Amino acid sequence: MRYDLIIRDGLWFDGTGAEPRPAHLGIIGDRVATVAREPLDEAGCPEVIDARGKWVLPGFVDIHTHYDAEILLNPGLSESVRHGVTTAVLGCCSMSTVYSRAEDAADLFSRVEAVPRKHVIAALEDFQDWTEPEGYVKRLDSLPLGPNVASFLGHSGLRTAVMGLRRATDTWSFPSRAELRRMAEMLDRALDAGMLGMSGMDAPIDKLDGDRYRSRALPSTYAWWHERWHLINVLRKRGRILQSAPNINNPLTAVMFFLASGDRLSPGRPVRTSLLVAADSKSAPGAHRFLSRAAALGNRIFRSRVSFQHLPLPFTLYSDGIDLPVFEEFGAGTAALHIRDQLERNALMADTDYRRRFRREFALKKHKPGLWHKDFREAVIVECPDASLIGRNFADIAEERGVAPLDAFLDVLVENGEKNVRWTTTVGNHRPAVLDEMAADPNFQLGFSDAGAHLRNMAFYNFPLRFLKRMRDAEEAGRTVLPLGRAVHRLTGELATWFGLDAGFLREGDRADFVIVDPERLDDTVDAYNEAEAPFFDDLSRMVNRNDATVVATGIGGRVVFRLGEFVPGYGRDQQTGHYLRAGAR
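Residues numbered from 1 in each chain as written. Predicted model: local features only at pLDDT ≥ 70, side-chain atom pairs only at ≥ 80, totals over all residues. Heavy atoms only, no water.

Per an unreviewed UniProt entry, the recorded name for the protein is Amidohydrolase family protein, and the organism is Tsukamurella conjunctivitidis.

Written out as structure tokens, the structure is:
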């Protein structure tokens, strides 16, 4: 047998959860043709990778990204691929570009996901030649894709297309029966095109960009449950997936997800539902245990299939001034973010009446669950024109100045220019023992990288590598959390199976999407802070991960695309290795 690629002498993980074993892999075309214990005949094989001492894994599956605009400008999605991600899911959190006009898409995406607005508009104006889901899928599949992609249809985009953005973000505007039918028909057509299902968002923290309806919440948050239920039943009939997020200020909404997606009250099969987000939050210690037990109990009572997405790493955020979604949790923060002009925003933050309002709302929210713990002792300055403040937290600065921490925070921003002060904090997943507990929890899905979004706020592109390092370190210390085969399965085959994707496994006949990892280089570099310029976003310096020595090679569709720190010539420009993976086409 003549192979196109041979991976020789690696420690092979198949993605099923089985423990690894030494093996030789022979690849023909885009499929694994042979997995053998004995060496393969290398005669005529154009490429052989010596993987002795390395791990050979299925490519990682990232179930939560916001690459919807970037993929049009940068179809290689190199920040994910260089860390072994070979399949990425788009269209999350109710936002997708399937039915959205350029300006509407920019209003939906830019502020929520901190992606440059002008580039969202430019991407769609240059590439949007589709009017229906079939055209959208065809357009993506015509790009020089690096990784494989799959996508959801966003409820906010769908609602906007049918009702218009003004009515879609008006509390007292309801879709007519005809509009509900149209939404259902448009969703059904997206499912026909191969989309995974529908994504929603029930938490009102995310706000619109633009000038028309700036600072209103995303359209899907205005939907009443009769609308959601109507659309969920479309998913039920088709056996497709719902991805969404409950409103943490109203726990009843979480119950409604179990009720609407289960088959206790609605005939037919349960709707697989992937919800945001399970975390060991500093603002709500123990919430992760509540969510786990709620999922187990709710699934049993309502006969539903609800899981919670989880980032299996410390949730560390960075912010330039107050450009961080956590400030949308209260009105004073939204009022400042509503202002785009930096001089006007600085003037507002210096205003006495505004300070009084900020203090009042901050105090009310401080002891309630939220994304941010609101503890300025744990907010450390990393960049500032006043170099004497770098490395210090705002609470210490406040004590030195004899003011309240919140006032010290606002003072430092005003004095130095709000955008010029960069600070960091960890909002959750900070306790290793709890992370270990969550790693093995069957109610949690190990995803939620948010790749492609919050470009200056966070970088979790390499979360699978960081997770595997932690699992490997625990095993070597004699306190195994998950056997390595099981740990790999949670990042690959388990997710691919749940989402119905032709990905996540590396057995004979499977897609030849793989990553070769050097376990000796699963070291401290995986946790290092790095920035790199994004040329497709006018060279914006964004947070990234850069532990390239850890990944020996990434292969997609049987072709090596990244090796020894370099992408192959033409990657993401004039060759296609990935494809749009249609739901259920495994």
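1. Notes on the overall build of the protein
A tally of helices and strands in the protein yields 20 helices and 23 strands. In terms of its C-alpha atoms, the protein occupies a principal-axis envelope of roughly 80 × 60 × 50 Å. Going through the 586 residues of the protein one by one, you find that 62% of them count as buried. Within the structure as shown, the protein displays about 21,600 Å² of accessible surface, and the carbon and sulfur contribution to it stands at 52%. (Helix = DSSP H or I, 4+ residues; strand = E, 2+ residues; numbered from the N terminus. Buried < 20%, exposed > 50% of the residue type's maximum accessible area, 1.4 Å probe, protein only. Areas by Shrake-Rupley, 256 points an atom, 1.4 Å probe, with all protein chains shown as cover.)

2. Considerations on the packing of aromatic side chains
Two measures describe an aromatic ring pair: the distance that separates the ring centres and the angle between the ring planes. Under the criterion given, the structure shown has 31 aromatic pairs. Centre to centre, the rings of tyrosine 318 and tyrosine 529 are 4.8 Å apart; their planes meet at 50°, and the pair counts as tilted. You can see tyrosine 318 sitting in strand 14 (residues 315-320) and its partner tyrosine 529 sitting in the loop between strand 18 (514-517) and strand 19 (530-534), a full 211 residues away along the chain. The class for tyrosine 318 is buried, based on a relative accessible area of 16%. Linked through ring pairs, Phe327, Phe330, Tyr354, Phe358, Phe362, Trp372, Phe376, Phe394, Phe409 and Trp423 together constitute an aromatic cluster. Against the face of tryptophan 225 rests arginine 228, its NZ or CZ located 4.9 Å from the ring centre. Above the face of the phenylalanine 505 ring, arginine 507 is positioned so that its terminal group lies 4.3 Å from the ring centre. (Phe/Tyr/Trp six-rings, centres within 6.5 Å; stacked < 30°, edge-to-face > 60°. Lys NZ or Arg CZ within 6 Å of the ring centre and 35° of its normal.)

3. Looking at the packing of helix 9 (residues 225-238) against helix 10 (residues 252-261)
Interaxial distance between helix 9 and helix 10 falls to 10 Å at its minimum, and their mutual angle equals 35°. Our pair here, helix 9 against helix 10, has a crossing hand that is right-handed. Where helix 9 approaches helix 10, its residues Trp225, Trp229, Ile232 and Arg236 are matched on the opposing element by Thr253, Met256, Phe257, Leu259, Ala260 and Ser261. (Axes fitted to C-alpha atoms, helices over the stretch in contact; angles between N-to-C directions. Left-handed = near helix turned anticlockwise from the far one by under 90°. Contact = heavy atoms within 4.5 Å.)

4. Remarks on the nonpolar core
In this structure, Phe327, Phe409 and Leu501 are the most contacted members of the largest nonpolar core, which totals 162 residues. For phenylalanine 409, the contacting residues outside a window of four places in its chain are Gly321, Ile322, Phe327, Phe376, Phe394 and Trp423. If you look at the next biggest cluster of nonpolar residues, it comprises 18 residues, including Leu5, Ile27, Val32 and Ile49. (Core = buried A, V, L, I, M, F, W, Y, C linked by side-chain atoms within 4.5 Å.)

5. Quick look at the sheet that holds strand 15 (residues 380-383)
In space, the three strands of this open sheet follow the order 14-16-15, with antiparallel pairing throughout. A strand with exactly one partner marks an edge of an open sheet, and here the two such strands are strand 14 and strand 15. Taken pair by pair, the neighbouring strands of this sheet meet at an average axis angle of 35°, ignoring direction. (Pairing = 2+ DSSP bridges.)

6. With respect to helix 16 (residues 405-416)
With twelve residues, helix 16 should cover 16 Å at 1.5 Å per step; its first-to-last C-alpha distance of 17 Å lies within 8% of that length. When we look at burial in helix 16, the residues that qualify are Leu406, Asp407, Ala408, Phe409, Leu410, Val412, Leu413 and Asn416. Looking at the buried positions of helix 16, the neighbouring elements they touch are helix 13 (342-350), helix 14 (352-366), strand 15, helix 15 (394-401) and strand 16 (422-428). Where helix 16 terminates, the next one or two residues include glycine 417, which has phi positive at roughly 85°. (Expected span 1.5 Å × (residues − 1).)

7. Quick notes on the side chain of serine 199
Mapped onto the elements, serine 199 comes out in strand 10 (residues 197-199). Looking at serine 199, its side chain comes within polar contact range of the main-chain oxygen of glycine 91, at 2.6 Å. Side-chain polar atoms of serine 199 contact the backbone nitrogen of serine 94, separated by 2.9 Å. If we skip the residues at most four places from it in the chain, serine 199 touches Gly91, Cys92, Cys93, Ser94, Met95, Phe152, Leu153, Gly154, His155 and Gln243. (Polar contact = N/O pair within 3.5 Å; in protein donor to acceptor, adjacent residues only side chain to side chain.)

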